[in-house]
Amino acid sequence: VSTGVALERRSRVARTGVAKVQSLSHQRGRAVQLCNVGIAQGTRFPPKHMIIAPLLTALLLYPASTPAAAADVSRILTSYEQGDHAAALSELAAVSDFTALRKQFEDSGRRWVNADPSNRERRRLVAAVVALEAAHLAVNDRTAFKRLLEWGCTLIRRGSADAPERTWHLAAVALIQRSYDGRFLLDHLRHAESRFPGEPRFLLARAVNAEYRIWPAPKNPVATTEARASASGGLVLPVGMIPTLRHASDMAAWRLIPRLEELKGEPGIGPEVRMRLGHLYYRIGLFERAERELELAAELSTDPHVLFLARYFRGLLRESLGDHTGAIAAHSRALEFAPGAQSASIALASLLFSSDRRDEATRRLSRGLLVPGARDPWLLYQAGDYRSWPALIDELRARSQ
Amino acid sequence: VTRCAAGIAGGVLLAQAFAAQAPQPPTVPMFKSGTVDVVVPVTVLSRNVPVLDLTVADFDIMDNGVRQRVRELDPRTLPVDVTLIVDTSGSTAGILDRLAREAGNILADLHPTDRYRVMTINSFVTEVMPMQAVSAVPLFHPPAGGGMSAVYDALAAALMHPAMLDRRHVVAAMTDGIDTISTIGLARLREVAKRSEAVLHVLLVAPSSPSNRSNLLLPHVERDLAGLAEVAALTGGRLHDLRPRVDAKRRRSLSYCSDALRCADAAASSRSSDDRTAWSALRTSSSITCSSRWRCRAICSAAISARATFAFAVRLPNGSSTWSCTSAVGKRRANRLLSDAP
């Protein structure tokens, strides 16, 4: 509009246009139409204005603050505090500008927390949890996502390091893992670990982050001997071969192994660590070790996510060894823990198909496999704890009432 | 008329006289004899591409070892089932409009009797439109892009889709070929392609942005174009390079469902079914032997039991080899693939 005002002095059309844009400030569509008309009537503009007119159009195309972006944060927080999560979430879901929302959190959110001094601790938790919910919706808007979580983190760390705060950090870590922003994850883990030193899930999150940096895993790796791999520090190269990025990635995987070996004994995360360790051993070709770890993970765990992945990786491993029968059995077993998981289903169907068991392969594929929404632990493998997000946010909702 | 009536009367009397003099034959079972036309639809494929220009002389139908006369060959045109795969992962998110145009070109080529379905590739392989008739002008708008690429998984899922008895199955996959999260590798995909009844055409496009291209430097990100071309060739299809730097002539939208794919050779045999031994054995035999580099789809008509076994031989146009096999025709899957030896 300011560009238009500059034009206003020189052009009658621009003057008229600016006036109309101002009067139709909430009707962007019509305003843009108006400017397009102005451009079409370009002969009435001096050449300089011909250049500026598209700029005016671009200016008008810039998204204005929508009513949804101007959500009332105080009302959202109050609804959430009163247990009306649905109302609060629907209002958050209507937000299109999360940057504006974050600014509102900083202004009216803080005021809302301080408005009731006797209830400040709980209000602080409520505001931090709502920021978490908003960040979940803004996961594709990186800046707003980070700012919302940082605001919530700062807020919740003002109280004592209690169980709700621990849950909040676990949920935040899960969410950041879902955004695959490794640097931000490490930043947040520093804050979280300063409050809860030695928390096993935070240690595991660091290892998962390191593993993500060497993503994706190679397909059908080749088996090697332990002595050979150890002697070369993970760099297994035929004589005369120049190391490539692929080899560097395998070396990084090799370096990650000691960290996971240390975590095997941590309470609560042992089976998951073994499962991930088994996958790492598999990708660098130490199949015997891999199989041992995967078997132990399957024995020790009761988590369907871990049970599925341990069996699924074992299926891939057996296939790499040429044992199709073993691979089919392992994938079938994996699917007992996550029926319809696409990864194991396609792996199993392709093995059956290649073994001329077409009808079985077709049956596997026809069970609603290609319908989005089916749970597949493999797709969440690199997202770490994000699989626990529903449970964690439910717990926080219950605590914040 | 008088002479004719006298002749008939004489004939009748003569017959009665012979009947009176002849001894009574022993009681033997009487069979009604006749000719049954058996239609044996058959498709001869070389790497999933029909072998055309076959004549009656190229077919021998053996019914339990008894050679049957092939009366006529009736070439037919088969409708096509098209599985359209569109890569909507992060690496192609910037060219979805172009992919939609290419998809529209392919769908516009379909005949009213054809069918199509649409699958998308990202982290998850999704069937966004199930197999359906081309009733109106088919429209397809790819969903918003993003995520990782399960290219090999999508191709395998499409190639394993069973073909209908009376239709061809063509898979047209528009992708940049970058795979980051598939379960299966190229080796397994090759095995699937060898056995698939579908013809795969890969339409290769460039990644949509420089940042996506730089992802190719990441270790273990697969983009084995030669491997993909080999997989397509194994099914009788090919890889079409639609990247901008390729000659404009090759960038044109291709007619993937070509008429050649629609053609089939249907052999109709006329058999004299006096040989009851052969006929009954035909119903009970269950042997399957086959060895050839050709693939053959044989469809048994209702004239033969649904679970019957029949044999036939095909001499291919080059005349170098005579091919023969015996096929068990399943109740539902009569188009069982008989041979997949490389």
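One can find the structure itself at the top, above this paragraph.
Position labels on residues start from 1 in each chain and follow its written sequence. Numbering of ligands from 1 and lettering of chains from A proceed in the order in which they are written. Totals for whole chains, interfaces and linings use every residue, but because this is a predicted model, local features are given only for residues with pLDDT of at least 70 and side-chain atom pairs only at 80 or more, for both listing and counting. As a rule here, side-chain values come from all non-hydrogen atoms in the structure, and water together with hydrogens is ignored.

(A) Local environment of the overall build of chain A. A run of H or I in DSSP counts as a helix once it spans at least four residues, and a run of E counts as a strand once it spans at least two, with each numbered from the N terminus. Each helix and strand in chain A was counted, giving 21 helices and 0 strands. For every residue, the accessible area obtained with a 1.4 Å probe (protein chains only) is divided by the maximum for its type, and the residue is called buried under 20%, exposed over 50%, and partly exposed between those limits. Taken over 401 residues, chain A has a buried fraction of 51%. Taking all contacts inside chain A whose residues are at least 6 apart in sequence as the whole, residues at least 24 apart take part in 66%. Summed over all atoms, the accessible surface of chain A reaches about 18400 Å², with 53% contributed by carbon and sulfur. Pairs of residues are marked as contacts when any of their non-hydrogen atoms sit within 4.5 Å. Throughout, the Shrake-Rupley method with a 1.4 Å probe supplies accessible areas, and for residues the shown protein chains are the sole cover considered.

(B) How the structure looks around the pattern of salt bridges. For salt bridges, the criterion is a side-chain nitrogen of Lys or Arg within 4 Å of an Asp or Glu carboxyl oxygen. Using the criterion set out here, one finds 39 salt bridges over all chains in the structure. The shortest N-O distance in the salt bridge between Glu191(B) and Lys194(B) comes to 3.5 Å. With Glu191(B) and Lys194(B) both in helix H4 (residues 186–195) and 3 residues apart, the pair spans about one turn of that helix. Residue class for Glu191(B) comes out partly exposed when judged on its relative accessible area of 25%. When its relative accessible area of 25% is taken as the criterion, Lys194(B) is described as partly exposed. Each of Arg201(A), Glu211(A), Glu272(A), Arg276(A), Asp303(A), Asp385(A) and Arg387(A) takes part in salt bridges that share partners, so that together they form one network.

(C) Examining unusual backbone geometry more closely. All names here are of chain A. Of note in this structure, Tyr180 is not a glycine but carries a positive phi near 55 degrees. Here Tyr180 is to be found in the loop between helix H10 (163–179) and helix H11 (182–195). Judged by relative accessible area, Tyr180 falls into the partly exposed class, the value being 25%. A positive phi angle, near 60 degrees, is found at Asp356, a position not held by glycine. Relative to the helices and strands, Asp356 is located in the loop between helix H19 (342–354) and helix H20 (358–365).

(D) Fine view of the environment of Asn122(B). All names here are of chain B. As for its placement among the helices and strands, Asn122 is situated in the loop between strand S6 (115–121) and strand S7 (125–133). Between the C-alpha atom of Asn122 and that of Thr92, which follows or precedes it by 30 residues, the distance is 9.7 Å. When near neighbours in sequence (up to four residues on either side) are disregarded, Asn122 contacts Thr88, Ser89, Gly146, Met148, Ser149 and Ala150. For this analysis, a polar contact is any N or O atom pair within 3.5 Å, provided that within protein one partner can donate a hydrogen and the other can accept it, and provided that sequence-adjacent residues contribute only side-chain to side-chain pairs. Within the structure, Asn122 has its side chain in polar contact with the side chain of Thr88 (distance 3.4 Å).

(E) Main features of the packing of aromatic side chains. Residues and elements named next belong to chain A. Only Phe, Tyr and Trp rings are paired, with Trp represented by its six-membered ring, and only when their centres lie within 6.5 Å; those with planes under 30 degrees apart are stacked, over 60 edge-to-face, the remainder tilted. Taken as a whole, this structure holds 10 aromatic pairs over all chains when the rule is applied. Between Tyr312 and Trp378 the ring centres are 5.7 Å apart and the planes differ by 50 degrees, which places this aromatic pair in the tilted class. Note that Tyr312 is positioned in helix H17 (residues 304–320) and Trp378 in the loop between H20 and helix H21 (389–399), a separation of 66 residues in sequence. Each member of the pair, Tyr312 together with Trp378, is buried.

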